[in-house]
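This is what each chain is made of:
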Amino acid sequence: MEKPNLFRDRMELCGNREMYFDRCRRLLECSEMLMLLELDGHRVAVWGHGLTASDYSDGGLHISGEIRSVEFDGGL
C-alpha cells in the first residue's frame, strides 16, 4: 500500500513581513503581489504588497514584504 503524499516542509511566518520555507521545489510565479511556490507537490500562494524573494538555494526561500494572506492547495 502506497503512503499518501504528506506535506512535511517547514514554513515560518514572522509577523506579516517575512516568511521562510524549507525545501521549496519551485517558484512558479514571482511578483510584488503574489509568490506562488511548490513544496513537495503542493502549492502555496503568498499574497501581499511589495513582496520580494531571496535566498533561493537548495530548497530554501525567503519572502519579505507586507504579507496579507497565505493560501494552501488543500492537499495538507
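Residues numbered from 1 in each chain as written. Predicted model: local features only at pLDDT ≥ 70, side-chain atom pairs only at ≥ 80, totals over all residues. Heavy atoms only, no water.

J.: I'm lost on the side chain of H62 in this one. Help?
T.: Within the fold, H62 resides in strand 6 (residues 61–72). The class for H62 is buried, based on a relative accessible area of 11%. Of the polar contacts made by the side chain of H62, one reaches the side chain of E18; its length is 3.1 Å. Contacts of H62, omitting those with residues within four sequence positions, involve E18, M19, Y20, T52, A53, S54 and D55. (Helix = DSSP H or I, 4+ residues; strand = E, 2+ residues; numbered from the N terminus. Buried < 20%, exposed > 50% of the residue type's maximum accessible area, 1.4 Å probe, protein only. Polar contact = N/O pair within 3.5 Å; in protein donor to acceptor, adjacent residues only side chain to side chain. Contact = heavy atoms within 4.5 Å.)

J.: Explain the nonpolar core to me, please; I cannot follow it from the model alone.
T.: One broad trend across soluble globular proteins is that nonpolar side chains are buried collectively. M19, F21, C24, M35, L37, L39, V44, V46, L51, L61, I63 and I67 together form the largest nonpolar core, which totals twelve residues. Among the elements of the structure, strand 2 (18–21), strand 4 (34–39), strand 5 (42–54) and strand 6 are those that each provide at least two residues to this core. Not counting the four nearest positions on each side in its chain, M35 is found in contact with L27, E29, C30, V44, A45, V46, L51, T52, A53 and I63. (Core = buried A, V, L, I, M, F, W, Y, C linked by side-chain atoms within 4.5 Å.)

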